[in-house]
Amino acid sequence: MRHYDRRAVLAGGGAFLATQLSGCAQSTAAIDRGRLRETRIGGLPITLTAQERPVRLPGASAPTPLWLYGEELLPVYRIRLGETIDATLVNRLKEHTSVHWHGVRGPNAMDGVPYVTQMPVQPGESFAYRLTPPDPGTFFFHPHCNTAEQLGRGLSGVLIVEDADDRFDDDIICVLKDWRIDKNGGFLPFITAEGAGRGGTFGTLRTVNGQASPEIAVPPNANIRLRLLNLDSTRVSDVGVQGADARVIAVDGNAFDGFVLDTWRLGPAMRVDLALRTPAEGGKITLLDYFAQEPVTLATLVADRAASPRARGTAALAPSRVSNPDVAHAESHELKLSASATPSDYPDLPPIVLPDGHKIDVLDSLCSTTRTLWAIDGMPWPQTGHEHLPPPLMTLARGTTVRLQLTNTTPHMHPMHVHGHTFKVLSASKLKRPEHWADTVLVLPEERVEIAFVADNPGNWMIHCHIIEHQDTGMMGWFRVV
Ligand code: C2O
Ligand code: CU
């Protein structure tokens, strides 16, 4: 009755949490093949211990020294809308780290960006994150300096904020993530000169939920929600399903007035939620990536009576709670995404003051750039040795609607992410997409994409490419809402 167990987990998180904390960790596969372990944490404090743990990845002859938040690869935490996250990061790594809650419109002091919203959490230190996400949806969390290595080694987790009316017969998470390992499980360099200057360095092993094309049991003849998250540092996928009709019901966690899925281009950090009707007992649904020479099977959903429905309901999500941008009266800015060969120095700026009062003069080497290859608006993130923060790309009065044109002058794709705000994707010159809410938008080579949002969250917020090598080599900036 393995599936019964998982439903019990979802229904009675307290007991499950107690089991997990007492150390009786079972492997995910023993509970639910293909699924990640989930924990319901609403109102309960959790500890995210950043630490090295050996894990044997598929096909490797020896374990890989992963960096995890705790003992499990890709922990999944669920809360209900209105509940608070009370998470203490404990740093047991040999370098500093932090936790950024990607896509959550939280307070600036909880945004987890070293030197921009908080001081780095040094080895042996801890930091308490407390925030109440204002929106339901599919989110994730990860560190924000030396990200190519920290995320590349696995340091990330999933956060699901459930809406009271979002009821499906089952709710399945699929995390797409590649690993850069050799046959013996050792890591290959996370940043390469060839990759960083182009589309990024690709992993050598593709996984979904840490497994190579897993089979996931789903209830037959059921309405299910499939949450796809691209947590890879580099790879853009074009996801589609075979064996069922799927509707896109949310993008980056934001409810979408469902339309039939053909394929959806999912860049690093992007999420898409699908509603599917599962086939009769024994039937299969295949999840594919079409952004390849031959379609790649990411995972297979297998209808299995043992996976009995956990809830009954319809598939309608509540509409987005984000304030609608008044596009006609917006302040317009263009941000050019470009290559840059010149390191920049930003000497004479007043220091930025963190929400906790710290004054920032310089960044350390983990938070500055190793090599300057990319820029936003001609300004690369500062390079080691030139480590003053660049000036803000924009300063916006609180409440302003801003209309941003992201102009890609490069021959590479850039999934651009804005912190602290959810924006509306208004138009794009190449890839046609319906107007939708997002926190990360893929900008194709030479494409112009227009987004708009209400700058209603005060603080200093990052905007950057989520191809981590681009971010780590300069395509990163920040703006201020006052
Ligand atoms: Cu997912 Cu600035 O991050
Ligand atoms: Cu990029």
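Residues numbered from 1 in each chain as written. Chains lettered and ligands numbered in written order. Predicted model: local features only at pLDDT ≥ 70, side-chain atom pairs only at ≥ 80, totals over all residues. Heavy atoms only, no water.

### Describing unusual backbone geometry
We note that Leu-74 has phi near 50°; this positive angle belongs to a residue other than glycine. Exposure remark for Leu-74: the relative accessible area of 1% places this residue in the buried category. In this structure, Asn-146 is a non-glycine residue whose phi angle is positive, near 50°. As for its position among the elements, Asn-146 is in the loop between β8 (137-142) and α4 (147-152). (Buried < 20%, exposed > 50% of the residue type's maximum accessible area, 1.4 Å probe, protein only. Helix = DSSP H or I, 4+ residues; strand = E, 2+ residues; numbered from the N terminus.)

### Describing the side chain of Gln-471
With respect to the element layout, Gln-471 can be found in helix α6 (residues 468-472). Assessed through its relative accessible area of 1%, Gln-471 is described here as buried. If we ignore the near neighbours within four places in the chain, the residues touching Gln-471 are His-144, Thr-147, His-464, Cys-465 and Met-476. (Contact = heavy atoms within 4.5 Å.)

### Quick look at the sheet that holds strand β16 (residues 254-260)
In a beta sheet, neighbouring strands are held together by backbone hydrogen bonds and run either parallel or antiparallel to one another. Strands sit in the order β11-β10-β13-β18-β15-β16 across an open sheet of 6 strands; the sheet is mixed. Either end of the sheet is taken by a strand with one partner, and the two such strands are β11 (205-208) and β16. Averaged over all pairs of adjacent strands, the angle between strand axes in this sheet comes to 20°, irrespective of strand direction. In terms of strand pairing, strand β10 (residues 170-179) meets β11 through 4 bridges, oriented antiparallel. (Pairing = 2+ DSSP bridges. Axes fitted to C-alpha atoms, helices over the stretch in contact; angles between N-to-C directions.)

### Focus: the sheet that holds strand β28 (residues 423-428)
The mixed open sheet is built from 6 strands, whose spatial order is β24-β21-β26-β31-β28-β29. Of all the strands in the sheet, the pair left with one neighbour each is β24 (374-376) and β29 (436-438). Taking each pair of neighbouring strands and ignoring which way they run, the sheet shows an average axis angle of 25°.

### Describing the environment of Arg-167
With respect to the helices, strands and loops of the structure, Arg-167 is situated in the loop between β9 (157-162) and β10. Its relative accessible area of 43% is what places Arg-167 among the partly exposed residues. For the pair Arg-167 and Leu-317, spaced 150 residues apart in sequence, the C-alpha to C-alpha distance is 8.6 Å.

### Details of the coordination of the copper ion (ligand 2)
Binding of the copper ion (ligand 2) to the protein goes through His-414 (ND1), Cys-465 (SG) and His-470 (ND1), at separations of 2.0 to 2.1 Å. Mapped onto the polypeptide sequence, the residues donating to the copper ion (ligand 2) form the spacing pattern H-x50-C-x4-H. Taken together, the residues span a long stretch of sequence, with His-414 in strand β27 (residues 414-418) and Cys-465 in strand β32 (residues 459-465) at a distance of 51 residues. Classification of His-414 by relative accessible area gives buried; the value is 0%. Residue classification places Cys-465 among the buried positions, given a relative accessible area of 0%. (Donors = N, O, S within 2.8 Å, 3.2 Å for Na, K, Ca; no water.)

### Brief notes about the state of the cysteines
Summed over the entire model, instances satisfying the criterion amount to 1 disulfide. Across the disulfide, Cys-145 is cross-linked to Cys-367 (sulfur-sulfur distance 2.1 Å). With the S-S bond torsion at 110°, the cross-link from Cys-145 to Cys-367 turns out right-handed. In this pair, Cys-145 sits in the loop between β8 and α4 while Cys-367 sits in the loop between β23 (359-360) and β24, placing the two residues 222 residues apart along the sequence. Here Cys-367 falls in the buried class, since its relative accessible area comes to 6%. (Disulfide = S-S within 2.5 Å.)

### Section: the pattern of salt bridges
As a working rule, side chains carrying opposite charge can pair if their charged atoms are close by. According to the stated counting rule, one finds 26 salt bridges in the structure shown. A salt bridge links Arg-78 to Glu-38; the nearest nitrogen and oxygen atoms lie 2.7 Å apart. With Arg-78 in strand β4 (residues 76-80) and Glu-38 in strand β1 (residues 38-40), the pair connects residues that are 40 residues apart, well separated along the chain. The burial state of Arg-78 is the same as that of Glu-38; both residues are buried. Asp-86 serves as the salt-bridge partner of Arg-130, at 3.5 Å between the closest nitrogen and oxygen. Here Arg-130, found in strand β7 (residues 126-131), pairs with Asp-86, found in strand β5 (residues 85-91); they are 44 residues apart in sequence, far enough to count as distant. Salt bridges sharing partners connect three or more residues here, namely Glu-38, Arg-40, Arg-78, Glu-162, Asp-171, Arg-225, Arg-227 and Asp-273. (Salt bridge = Lys/Arg side-chain N within 4 Å of Asp/Glu carboxyl O.)

### Thoughts on the confidence of the model for the chain
When pLDDT is averaged across the chain, the result is 90; 91% of the residues are at 70 or more. Here residues 1-31 is modelled with pLDDT under 50, and outside its nearest four sequence neighbours on either side it reaches 45 contacts, counting other chains as well. (pLDDT = per-residue confidence, 0-100.)

### Regarding the pairing of β5
On any regular strand, side chains alternate: one points to one face of the sheet, the next to the other face. The element β5 is largely enclosed, with a buried count of 6 among its 7 residues. Relative to β5, strand β2 (residues 46-55) runs parallel, the two being bridged by 5 bridges. Note on β5: the bridge partner recorded for Ala-50 is Asn-91. Here β5 runs beside β7; their pairing, made up of 6 bridges, is antiparallel.

### Considering the packing of aromatic side chains
Enumeration over the complete set of coordinates arrives at 9 aromatic pairs. For the ring pair Tyr-69 and Phe-141, a centre distance of 5.4 Å and an interplane angle of 40° mean the geometry is tilted. Here Tyr-69, found in strand β3 (residues 64-69), pairs with Phe-141, found in strand β8; they are 72 residues apart in sequence, far enough to count as distant. Through pairs of rings, three or more aromatic residues link up here, namely Tyr-69, Tyr-77, Trp-101, Phe-127, Tyr-129 and Phe-141. The ring of Trp-179 is capped by Lys-177, whose NZ or CZ atom sits 4.4 Å from the centre of that ring. (Phe/Tyr/Trp six-rings, centres within 6.5 Å; stacked < 30°, edge-to-face > 60°. Lys NZ or Arg CZ within 6 Å of the ring centre and 35° of its normal.)

### Brief notes about the pairing of strand β15 (residues 246-251)
The buried fraction of β15 amounts to 5 of the 6 residues, a majority that puts the element mostly inside the structure. Across 5 bridges, β15 lies against strand β18 (residues 271-277) in antiparallel orientation. Looking at β18, one finds that Val-248 is bridged to Leu-274. Here β15 pairs with β16 via 4 bridges, running antiparallel. Bridge assignment links Arg-247 to a residue of β16, and that residue is Val-260. Counted between consecutive antiparallel strands, the loop separating β15 from β16 contains 2 residues, among which Asp-252 sits at a positive phi close to 50°.

### Quick notes on the side chain of Asn-209
Examined against the element boundaries, Asn-209 turns out to sit in the loop between β11 and β12 (215-218). Looking at Asn-209, the relative accessible area reads 5%, which means it is buried. Polar contacts involving the side chain of Asn-209 include one to the main-chain carbonyl oxygen of Gly-34, which spans 2.7 Å. Side-chain polar atoms of Asn-209 contact the backbone nitrogen of Val-175, separated by 2.8 Å. Discounting residues that sit within four places of it in the chain, Asn-209 has contacts with Gly-34, Arg-35, Leu-36, Leu-74, Ile-173, Cys-174, Val-175 and Ile-216. (Polar contact = N/O pair within 3.5 Å; in protein donor to acceptor, adjacent residues only side chain to side chain.)

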